[in-house]
Amino acid sequence: MQQVCLLTVVSLFVTSAQCKTPGLQTRITDRALEYATEVALDILSKQVTGQQIPDQHGQSGDVKFDITGMNVKQFTKPSSRVSLIQNVGLSWSTSGTGLAIHGDFKYKYRKGIIKISDHGSFDLKANGINFQVKIEIGMDGTGRPTMKAVGCSCNVGSADIKFHGGAAWIYNLFSGQLENKLKDMVGGGNGLLCKQLNTLIDVNGMKSLQKLPVTVQIAKRFLLDYRFLSKPSFQTKFMETYHKGEVYWNAVPVDAPFAAPPLLKSSDTSRMMYIWLSDYVFNTMSYNALKYNQLQYNVTNKDLPFGVLNTTCPQSTCIGKIIKAIGTKFPNTTVMLYMKSTSMPNMTVQNGSTVVNAAGDIVFFAQQPGGKYTYFLTLSATMSTTISLMIQNEKVFAKVLKLPISVTVKDSKIPVSSEGLNFIVKGIVSVFVEPKLNELGAAGFPLPVINSVHFTNTQLTVAKDTLLIATDLKYSG
């Protein structure tokens, strides 16, 4: 059976009191649930239509009958309603469902010396079918969501049967009993519809939950943790979940030594879904990147255009021409820059802008014969990068808007003028750093969404410590 939108949406957003501030929070509103049930009923219709019904055998007075080859020919979609039950989950109820069932029959009538047998087909129309089922949503010991169908009930309002072939007066002897049998097969807690609903939730729903990415590998070194911190919380108009929202070093997943800041509060329910993404997510990643020596890089001529790290050049744009002491002391070679962060890059989100502050050292070496390098300069660098953020394909993307970098001489074996420092900043560091940052931003940051759910009519708000994504949803299963 295919995945169902209702179950998929529930899969995403499965809170009560939290013992830890989340790095990510979600809200799914009643608008999303209403949309989800419409899609769910379309899929339920496909599953029920064509469904085979077990053969039935019975006797009514002097008539023995066998009903075989029954299958559902038509499912009339009902009106539907989903309500949220505090501390439990969802209640899904429908009214006005209709079913058309076709099957074959044969009978034997015997009374005294009179014996009659015949066969034919019949069509049954069942109308006014109402069902209700509760969906309990919880969390297992690993932080994954769970769901379970509870207390399904189904009532069939009326059933009308029409026989084709044979003697009509004999049908009247057993048609009432047959109608009741078929009503019981469709309705009741163990009937056709409740069995389909229980399978839909307990089996297919759990399969959907298994596809929800609660951990995501990033660059094969980091592990993004979206596991739930607590069980779901259900209010009148929405349900919410709170996720860990932390990035670990994949080989050694240990909590960062700082907590997530409080997220922006909002009571808006005009969209289907809301995601609060804390700057804690980025900051835990940068903490581990620094801790495990990922924020360092050797910059050589292959990373920059036009041979700017040459110490000797015919043009006037290489480092040996701009900083003459380098060209004089190390002629006919190239320079390597060892760049490393000296503190954790920190993201701050407030007043409509997103800024990443970073500091590091730039250590200069001249390449010598035999592959050796001679040290001659260390600069301290700071940068405060303003970035723009956008949401596309259920990921967060970033692009550098401003990249002001300032450098000072920390240690030097050669004289360096202000002109030389300016060249290093604009002609080397910025030329290398900005494309690298944009490359990282273009890779996108994944959000905890199943592949079959897509964002539409999406709005991104940048507030204190928080990116708030408000969006409607479209199911493409």
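Residues numbered from 1 in each chain as written. Predicted model: local features only at pLDDT ≥ 70, side-chain atom pairs only at ≥ 80, totals over all residues. Heavy atoms only, no water.

## Considerations on the nonpolar core
Side chains of nonpolar character tend, in soluble globular proteins, to be buried together.
Okay, so step 1: In terms of nonpolar packing, the biggest core is built from 119 residues, with Leu90, Leu99, Phe122, Leu337, Phe364, Phe376 and Leu447 touching the most fellow members.
Okay, so step 2: Of the residues that make up this core, three or more belong to each of domain 1 (49-210) and domain 2 (215-466).
Okay, so step 3: Judged by nonpolar contacts, the second largest core, of 5 residues, contains Leu263, Tyr274, Trp276 and Ala470. (Core = buried A, V, L, I, M, F, W, Y, C linked by side-chain atoms within 4.5 Å. Buried < 20%, exposed > 50% of the residue type's maximum accessible area, 1.4 Å probe, protein only. Domains from an automatic or database assignment.)

## A word on a positive patch on the surface
Okay, so step 1: Together, Lys64, Lys106, Lys108, Arg110 and Lys115 make up a positively charged patch on the protein surface.
Okay, so step 2: Of all the elements, strand E6 (residues 89-111) adds the most residues to the positive patch, at 3 residues.
Okay, so step 3: With respect to the element layout, Lys106 can be found in strand E6. (Patch = residues over 30% accessible without salt bridge, like charges linked within 9 Å, V, L, I, M, F, W, Y side chains within 5 Å. Areas by Shrake-Rupley, 256 points an atom, 1.4 Å probe, with all protein chains shown as cover. Salt bridge = Lys/Arg side-chain N within 4 Å of Asp/Glu carboxyl O. Lys, Arg positive; Asp, Glu negative; His and termini not counted. Charge placed at Lys NZ, Arg CZ, Asp CG, Glu CD. Helix = DSSP H or I, 4+ residues; strand = E, 2+ residues; numbered from the N terminus.)

## Observations concerning the domain arrangement of the protein chain
Okay, so step 1: Here the protein chain is described as being made up of domain 1 (49-210) and domain 2 (215-466).
Okay, so step 2: Taken over C-alpha atoms, the centre of domain 1 sits 60 Å from the centre of domain 2.
Okay, so step 3: Each partner contributes to the interface: domain 1 provides 15 residues, whereas domain 2 provides 13 residues.
Okay, so step 4: Both sides of the domain 1 and domain 2 interface together cover about 970 Å² of buried area, and 72% of this is carbon and sulfur.
Okay, so step 5: Connecting domain 1 to domain 2 are 0 salt bridges.
Okay, so step 6: On the surface where domain 1 and domain 2 come into contact, there are 1 residue pair in polar contact (both at pLDDT 80 or more). (Contact = heavy atoms within 4.5 Å. Buried area = accessible area lost by both parts, 1.4 Å probe. Polar contact = N/O pair within 3.5 Å; in protein donor to acceptor, adjacent residues only side chain to side chain.)

## Some words on the confidence of the model for the protein chain
Okay, so step 1: Mean pLDDT over the protein chain works out to 88, with 94% of the residues at or above the 70 mark.
Okay, so step 2: Within the model, pLDDT remains below 50 along residues 1-18, and this stretch shows 91 contacts once partners closer than five positions in the same chain are excluded. (pLDDT = per-residue confidence, 0-100.)

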